[in-house]
Amino acid sequence: MSGSGPTDADGELWVDIESATSRQLLAAGVAAFAMHGYHATTTREISRAGGLSPAAMYVHFGSKEELLYEISRRGHQAALRLVSECAASDPAADVALRTLVDSFVRWHAEHNVVARVVQYEQNALSAEHLQSIVALRRATERVVRDLVRRGMEQAVFDVPDIDGAALAILSLGIDVARWYRSGGSRSPEDLGALFAELSCRMVMKPPRS
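Residues numbered from 1 in each chain as written. Predicted model: local features only at pLDDT ≥ 70, side-chain atom pairs only at ≥ 80, totals over all residues. Heavy atoms only, no water.

1. Considerations on the side chain of H108
Then comes step 1: For H108, the location among the structural elements is in helix α5 (residues 93-110).
Then comes step 2: In this structure the side chain of H108 is engaged in a polar contact, spanning 2.9 Å, whose partner is the backbone oxygen of F104.
Then comes step 3: What H108 contacts, discounting residues up to four positions off in sequence, is A115, Q119, G173, I174, V176 and A177. (Helix = DSSP H or I, 4+ residues; strand = E, 2+ residues; numbered from the N terminus. Polar contact = N/O pair within 3.5 Å; in protein donor to acceptor, adjacent residues only side chain to side chain. Contact = heavy atoms within 4.5 Å.)

Dropping the structure here:
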């Protein structure tokens with residue numbers, strides 16, 4: 001499968017940033033971090049990829065780490081918004097879960113490059129920035145836990161461990177970013193539908209025999 005650079009859709013993560021140069025640097029940072037890893041990427045490479053001088057990045061971001069943090073923060077905020085909207089999309093927990101998993105998996109496939117950076121480079125963040133990201137991740141986990149709990153209360157879900165079930169559901173989507181590349185045999189829509197079905201089967205209460 002092919003595809004190693006940010007897609008046009010990734011631009012939605014920083015569409016609200018007025019500075020075109022900052023948007024260029026964010027896109028260049030995503031591409032470089034995804035290809036080489038954070039530690040093997042230099043600020044010179046990022047600036048050059050963005051068509052800028054080596055010193056230009058420091059006008060917009062204080063350091064390479066701050067650039068990574070901005071990418072990670074916006075990616076995690078987008079994920080939190082997505083799961084929150086999906087969880088609230090239907091009062092029936094099983095319907096909402098199917099929507100949530102479908103959307104979450106498709107997002108990680110469609111934005112697989114930026115998602116790999118967001119999900120797998122966070123250990124390079126400073127302690128303060130990592131704490132902020134962890135808070136966003138915990139908020140996302142809480143939304144899914146609450147949805148699973150709602151399904152238990154509605155007697156449509158039957159799981160032995162609500163926290164574990166929420167973790168498994170989120171892990172399905174997150175891991176897609178690690179291996180998915182565009183142009184493969186399965187589209188983001190295919191994966192979303194499949195993983196939504198598998199997630200529902202995982203938590204649904206068995207029918208009475």
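2. A closer look at the nonpolar core
Then comes step 1: The biggest cluster of nonpolar side chains holds 63 residues, and the ones touching the most others in it are L67 and I71.
Then comes step 2: When contributions to this core are tallied by element, the ones reaching two or more residues are α1 (20-36), α4 (64-87), α5, α6 (112-120), α7 (127-153), α8 (162-179) and α9 (188-203).
Then comes step 3: Per-element accounting of this core gives the leading share, eleven residues, to α4.
Then comes step 4: The residues contacting I71, other than those within four sequence positions of it, are L26, G29, V30, F33, V114, V117 and V118. (Core = buried A, V, L, I, M, F, W, Y, C linked by side-chain atoms within 4.5 Å. Buried < 20%, exposed > 50% of the residue type's maximum accessible area, 1.4 Å probe, protein only.)

3. Concerning unusual backbone geometry
Then comes step 1: Phi at A155 is positive, roughly 65°, even though this residue is not glycine.
Then comes step 2: With respect to the helices, strands and loops of the structure, A155 is situated in the loop between α7 and α8.

4. Concerning α8
Then comes step 1: For α8, built from 18 residues, the straight-helix expectation of 26 Å at 1.5 Å per residue is met to within 8% by its first-to-last C-alpha distance of 27 Å.
Then comes step 2: For α8, the complete set of buried residues consists of I162, A165, A166, I169, L170, G173, I174, V176 and A177.
Then comes step 3: Its buried side turned inward, α8 meets α5, α6, α7 and α9. (Expected span 1.5 Å × (residues − 1).)

5. Overview of the packing of α8 against α9
Then comes step 1: Look at α8 against α9: their axes get within 10 Å of each other, and the N-to-C directions meet at 160°. Considering their axes alone, α8 and α9 lie roughly antiparallel with respect to each other. The element α8 and its partner α9 pack so that their crossing is right-handed. Along its contact with α8, which presents A165, A168, I169, L172, V176 and W179, the element α9 presents L191, F195, S199, M202 and V203.
Then comes step 2: Class assignment for the residues of the contact of α8 with α9 results in ten nonpolar, one polar and no charged. (Axes fitted to C-alpha atoms, helices over the stretch in contact; angles between N-to-C directions. Parallel < 35°, antiparallel > 145°, perpendicular 65-115°, else oblique. Left-handed = near helix turned anticlockwise from the far one by under 90°. Nonpolar A, V, L, I, M, F, W, Y, C, P; charged D, E, K, R; others polar.)

6. What about the pattern of salt bridges?
Then comes step 1: Within this structure, the stated rule accounts for nine salt bridges.
Then comes step 2: D163 is the partner of R145 in a salt bridge, and the nearest nitrogen-oxygen pair spans 3.5 Å. Taken together, the positions of R145 in helix α7 and D163 in helix α8 put the pair 18 residues apart, joining distant regions of the chain.
Then comes step 3: For R145, a relative accessible area of 22% puts it in the partly exposed group.
Then comes step 4: Salt bridges linked by common partners bring D16, E70, R73 and R74 together as one network. (Salt bridge = Lys/Arg side-chain N within 4 Å of Asp/Glu carboxyl O.)

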